[in-house]
Amino acid sequence: MKTKEERWRAFGAIVVRLSRGEDISREESRECWRQICEEEQSDLQQGAFMGALKAKPETPEEIAGAFEALYEYDTLKVQVKTPEPLIDNCGTGADTLKTLNISTGAAIVAASLGLYVVRHAARAISSNCGAIDVIEALGVNVESAPEVPTKSIENAGICAWNAFLPKVHPKTLARVLSQVRFGSTINLVGPLLNPTKPTYKVMGVPTIDMIDIEAKTLQALKFKRAFVMHGLEDESGKGMDEISIIGTTHVAELDEKGSISRYTLTPEQFGIKRAKYEDIASSKDVKRDALALLSVLAGKDGGPKFEVICLNAAPLLYITGKAKTLEDGFGLAKEAVSQGKAIAKLRDWVTWQNVKPEDGLPILEKMLEQI
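Residues numbered from 1 in each chain as written. Predicted model: local features only at pLDDT ≥ 70, side-chain atom pairs only at ≥ 80, totals over all residues. Heavy atoms only, no water.

(A) Quick peek at the overall build of the protein. A count of helical and extended segments in the protein gives 16 helices and 8 strands. For 371 residues, the compact-globule estimate of 2.2 N^0.38 gives 21 Å, and the C-alpha radius of gyration of the protein, at 20 Å, lies within 12% of that figure. The principal-axis extent of the C-alpha atoms belonging to the protein is close to 65 × 45 × 40 Å. Relative to its 371 residues, the protein shows a buried fraction of 58%. Once local pairs closer than 6 in sequence are excluded, the contacts in the protein between residues at least 24 apart make up 72%. Accessible surface for the protein amounts to roughly 14,900 Å². Of this, 50% is attributable to carbon and sulfur atoms. Of note, the protein has its 46 positive side-chain charges centred 2 Å away from the centre of its 51 negative side-chain charges. (Helix = DSSP H or I, 4+ residues; strand = E, 2+ residues; numbered from the N terminus. Rg over C-alpha atoms; globule rule 2.2 N^0.38 Å. Buried < 20%, exposed > 50% of the residue type's maximum accessible area, 1.4 Å probe, protein only. Contact = heavy atoms within 4.5 Å. Areas by Shrake-Rupley, 256 points an atom, 1.4 Å probe, with all protein chains shown as cover. Lys, Arg positive; Asp, Glu negative; His and termini not counted. Charge placed at Lys NZ, Arg CZ, Asp CG, Glu CD.)

(B) Local environment of the environment of Ala107. By secondary structure assignment, the location of Ala107 is in helix α5 (residues 102–112). Under the relative-accessibility criterion, Ala107 is labelled buried at 0%. Separated by 123 residues in the primary sequence, Ala107 and His230 place their C-alpha atoms 18 Å from one another. What Ala107 contacts, discounting residues up to four positions off in sequence, is Asn89, Val117, Arg119 and Ile158.

(C) Quick peek at the packing of helix α1 (residues 4–19) against helix α3 (residues 43–55). For the pair α1 and α3, interaxial distance at closest approach is 8 Å and the crossing angle is 30°. In terms of their interaxial angle, α1 and α3 are classed as roughly parallel. In this structure, α1 crosses over α3, and the sense of that crossing is left-handed. On the side of α1, the interface is formed by Trp8, Phe11, Gly12, Ile14, Val15, Leu18 and Ser19, while α3 contributes Gln45, Ala48, Phe49, Ala52 and Leu53. (Axes fitted to C-alpha atoms, helices over the stretch in contact; angles between N-to-C directions. Parallel < 35°, antiparallel > 145°, perpendicular 65-115°, else oblique. Left-handed = near helix turned anticlockwise from the far one by under 90°.)

(D) Quick look at the packing of aromatic side chains. For the coordinates displayed, the defined rule picks out 4 aromatic pairs. Residues Phe11 and Phe49 carry aromatic rings whose centres are separated by 5.4 Å and whose planes lie at 45° to one another, so their mutual orientation is tilted. Within this pair, whereas Phe11 is found in helix α1, its partner Phe49 is found in helix α3, the two being separated by 38 residues in sequence. What makes Phe49 buried here is its relative accessible area of 0%. Look at Phe67 and Tyr71: their rings are 5.6 Å apart centre to centre, the planes differ by 15°, and that puts the pair in the stacked class. Linking Phe67 with Tyr71, this pair stays in helix α4 (residues 60–74), spanning 4 residues, or about one helical turn. According to the relative accessible area criterion, Tyr71 is buried, its value standing at 12%. Within the aromatic cluster, the residues linked to one another by ring pairs are Phe11, Trp33 and Phe49. When the ring centre of Tyr71 is taken as origin, the NZ or CZ atom of Lys197, which lies over that ring, is 4.6 Å away. Between the NZ or CZ atom of Arg225 and the centre of the ring of Tyr318, over which it lies, the distance is 5.0 Å. (Phe/Tyr/Trp six-rings, centres within 6.5 Å; stacked < 30°, edge-to-face > 60°. Lys NZ or Arg CZ within 6 Å of the ring centre and 35° of its normal.)

(E) Geometry of the state of the cysteines. Evaluated as defined, the whole model comprises 0 disulfides. Just so you know, Cys32 is unpaired, no disulfide at all, and the nearest cysteine sulfur is the one on Cys37, 11 Å from it. The closest cysteine sulfur to the non-disulfide-bonded Cys159 is located on Cys90, 10.0 Å from its own sulfur. For Cys159, a relative accessible area of 0% corresponds to the buried category. (Disulfide = S-S within 2.5 Å.)

(F) Helix α12 (residues 286–297), seen in detail. Taking 1.5 Å per residue as the helical rise, α12 with its 12 residues ought to reach 16 Å, and the 17 Å between its terminal C-alpha atoms agrees with that figure. Counted residue by residue, α12 has 9 buried out of 12 residues, so it is predominantly covered. Of all the positions in α12, only Asp289, Ala290, Leu291, Ala292, Leu293, Leu294, Ser295, Val296 and Leu297 are classed as buried. Where the residues of α12 are buried, they touch α5, α6 (131–137), α13 (304–319), α14 (326–338), α15 (341–352) and α16 (361–368). Backbone nitrogen of Lys287 and a side-chain oxygen of the N-cap are separated by 3.2 Å at the start of α12; the cap is Asp285. Positive backbone phi, approximately 80°, marks Gly299, located one or two places after α12. (Expected span 1.5 Å × (residues − 1). Polar contact = N/O pair within 3.5 Å; in protein donor to acceptor, adjacent residues only side chain to side chain.)

Honestly, that's just the spatial picture; any functional story needs more than this.
Shown next, in the form of structure tokens:
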């Protein structure tokens, strides 16, 4: 076993290799991230490693190694009892187009159609309003774990794990995300560090280049099926970690045989008229973004926000087999909203992801009065 001095020297040598553009193995990546989790390296060394790894950039094997270390040393493990497999649809953030919280709306719509959605999300860092901020404004308890989220997924079919809670990630995730001011490996790994370890994943990434890398990482980690996307605003070339209704979306799909296929989507193939970025942009205010989401779920907004949320629910339904195609999934999602299933599911979520229902339902009802 290496001494502390030998580990320090080996860590520094890896930083030098990365700075030269050399790849490291999955095992080396896991060991470096273990040392970061255990704070065996100084902040300066940790930052140098993350910066060099990102600049290279990361390979799927390096990301998989990071996941293994962060999951083992910095993630709460929770077993839940559900009749169907679990799915998560949190993205990486760090994209250039800041939209309303589309993935949260998509998760609620998908859960209203029978999926068991376990979200692993955070407060805003690179976005204007984080998923945790928005659902908290709607009455979901995001400060208690693990009992409350566990109760919610088992009874309501949906829950959210607050990635910044010390009980969820006690050592590393919040510390690094709060200190590093650039998109790093941890942005790619963070969305995968779900305490309930779902086997299905819908994931947005901040650039087109990251699609293949993330899909291959999910393949290496043995996910059953996955859907990785990056949506564009075609005119500007800027992007989002969602399916776009303002341009083309690039996709990598991991199937049950472990094969990855690549294709593009356009709004037109779903019968959607292209919108403008302003139609789906974040207001930069948590309450206003929460109200916008609530208006869609309650069936009071049938415009671009409704279309983009339902479209982003489609891949959840598709990869879990609830819909035969993405087009079918889009249709099912729209029906779920129009039939009142989505808003009913949000009420279920607020009821169960609280210590007592009366802790959250009055908050939701007060918000509903404002739309």
